[in-house]
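A look at the structure
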Amino acid sequence: MSLPPYTPAAPTKEPLDYVKLVNLDLSKFDDPAGRQELARELYEAATGYGFLTLTNHGISDEIYQKQMQIANGVMTLPQEEKTPYEVTPEEDARGLYVGFKPSGPLGHKGGFPKQLDHYNILVHDPKNRPHPEILRPHMEETYEVMHFIRNNILKKLLTLMAMILQVPEEVVQATHASGGSKTEYIRYMMCEPRPKEESEKYRDIFLSGHTDWGSWTFLFSQPISALQVLDHKDGKYRWVEHQPKGLVVNFGEATERLTGGLFKATIHRVVQPPPDQRHLRRIGVIYFSRPADDRKLVPIEGSPLLESMGADKPIDDTVFCMADYLDARKHGWKRFEYDIDRPADPQKHADFFAGEYPDPDGHKSLGKFDNVPRDVYVPVLKA
């Protein structure tokens, strides 16, 4: 089975309000002076928007485009070819993202509108799960991409993080020990165009405001504008501009906890594209990195910087290791309402997360937080 052709859409011509992100040019990494500059830029991004872009990251244009084509081929399969590869309720309850996770009742409390679908591939899959026929000839190159992001790009960011925290590099690298995470994965995602009535039902939001649970998320930038980030300078959401062949990177909750809150997890969302792109199917390729499963999410030890800033203590009353943190978050712990500019009207709008998470028989969660009311997030504005 061959891949269908894929042609990226033209960028929007709408005059959007874009956020100005820090860009890390990784071609500077091997030069000592360049590496110092990159560390300063990473600190600026980490304490600013929690978003950045990467260029000269080492993924060739050909491989980049091929991954987009593979994602398009996988995500546009007919439903009967997707069903055998759907995640099981047991895996889903543990926060283990593998296979197709379709929209609808299997999502967290039905938390995905029906036009959003994704397929996930674990970096380390002890069960060696099968994949759809269209993907099988391309698994080797897909694994190469995943391992390159993990063993090259991620390691460079961890090295820069060690420089910022003023600790030995191996201390920070150990938080992401090779093979330590059983939940790290690449995701192929698709957002289909949707009718006006359906879009209004969800407040013109595809994926509500949230922060990612892992350390860093690497998104293959693509030209259909839909990604927004919350700007803490004025509390407004702004659009993330397409960076051709670049990677868009956001900081996750694990990194925020490993730095005592110094590095901020990015509040972001996916919304209805601008009018000139609203009719287009949006394809995404995303890599989610996570610390080792048994790593406690407490500040990295021995950092003079964290100690001097009073950021050397856990930011949560309850401390989880990474694997348990996923379980707690999956069951509603620390949920906020981040779409503060689009308040929900219960009479008109659907709730992404209505109801209780349907745990499978035999699953022992660390706690049920589903019925805890969501606090409305109040951004702390920066000078």
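Below or above, wherever it landed, is the structure these notes cover. (Residues numbered from 1 in each chain as written. Predicted model: local features only at pLDDT ≥ 70, side-chain atom pairs only at ≥ 80, totals over all residues. Heavy atoms only, no water.)

The subject of this paragraph is empty space enclosed by the protein. The probe, sized like a water molecule, is rolled over the atoms to show the empty space still left. According to the stated counting rule, one finds four cavities of 30 Å³ or more in the structure shown. Along the walls of the second largest cavity sit 13 residues, with Ser-221, Gln-222, Leu-227, Val-240 and Arg-282 positioned nearest its centre. By residue class, the composition of the lining of the second largest cavity is seven nonpolar, four polar and two charged. (1 Å grid on protein atoms, 1.4 Å probe; cavity = no way out; pocket = protein on both sides within 12 Å on 5 of 7 lines; lining within 4 Å. Points joined across faces, edges and corners; volume = space filled by probe spheres on them. Nonpolar A, V, L, I, M, F, W, Y, C, P; charged D, E, K, R; others polar.)

The next subject is the environment of Leu-247. For Leu-247, the location among the structural elements is in strand 10 (residues 247–251). Sequence separation of Leu-247 and Phe-220 is 27 residues, and the distance between their C-alpha atoms is 5.0 Å. What Leu-247 contacts, discounting residues up to four positions off in sequence, is Leu-52, Thr-53, Leu-54, His-57, Ile-59, Tyr-64, Ile-153, Leu-219 and Phe-220. (Helix = DSSP H or I, 4+ residues; strand = E, 2+ residues; numbered from the N terminus. Contact = heavy atoms within 4.5 Å.)

With that settled, consider the pairing of strand 12 (residues 282–288). For strand 12, the tally of buried residues reaches seven of seven residues, placing the bulk of the element in the interior. By the alternation rule, side chains of strand 12 split into Arg-282, Gly-284, Ile-286 and Phe-288 and Ile-283, Val-285 and Tyr-287, which are all buried. Note: strand 5 (residues 185–191) against strand 12, seven bridges, orientation antiparallel. Each bridged residue has a counterpart across the sheet, and for Tyr-188 the counterpart in strand 12 is Val-285. (Buried < 20%, exposed > 50% of the residue type's maximum accessible area, 1.4 Å probe, protein only. Pairing = 2+ DSSP bridges.)

Relative to the elements of secondary structure, Met-189 occurs in strand 5. In this structure Met-189 comes out as buried when scored by relative accessible area, which is 6%. Taking C-alpha positions, Met-189 is 8.0 Å from Arg-282, a pair spaced 93 residues apart along the chain. Ignoring sequence-local partners within four residues, the contact set of Met-189 consists of Met-75, Leu-116, Asp-117, His-118, Arg-282, Ile-283, Gly-284 and Ile-286.

The backbone phi angle of Gln-166 is positive, close to 60°, even though this residue is not glycine. Note that Gln-166 resides in the loop between helix 5 (139–165) and helix 6 (169–173). In this structure, Arg-203 takes a positive phi of about 60° despite not being glycine. Within the secondary structure, Arg-203 is located in the loop between helix 7 (196–201) and strand 6 (205–210).

What the rule picks out here adds up to 19 salt bridges. In this structure, Asp-117 engages Lys-82 in a salt bridge whose closest nitrogen and oxygen atoms are separated by 2.8 Å. Residue Asp-117 is located in strand 4 (residues 116–122), and its partner Lys-82 is located in helix 3 (residues 79–82); the two are separated by 35 residues in the primary sequence. Here Asp-117 falls in the buried class, since its relative accessible area comes to 8%. A relative accessible area of 5% places Lys-82 in the buried class. Within the structure, one salt-bridge network assembled from shared partners comprises Asp-17, Asp-231, Asp-234 and Arg-238. (Salt bridge = Lys/Arg side-chain N within 4 Å of Asp/Glu carboxyl O.)

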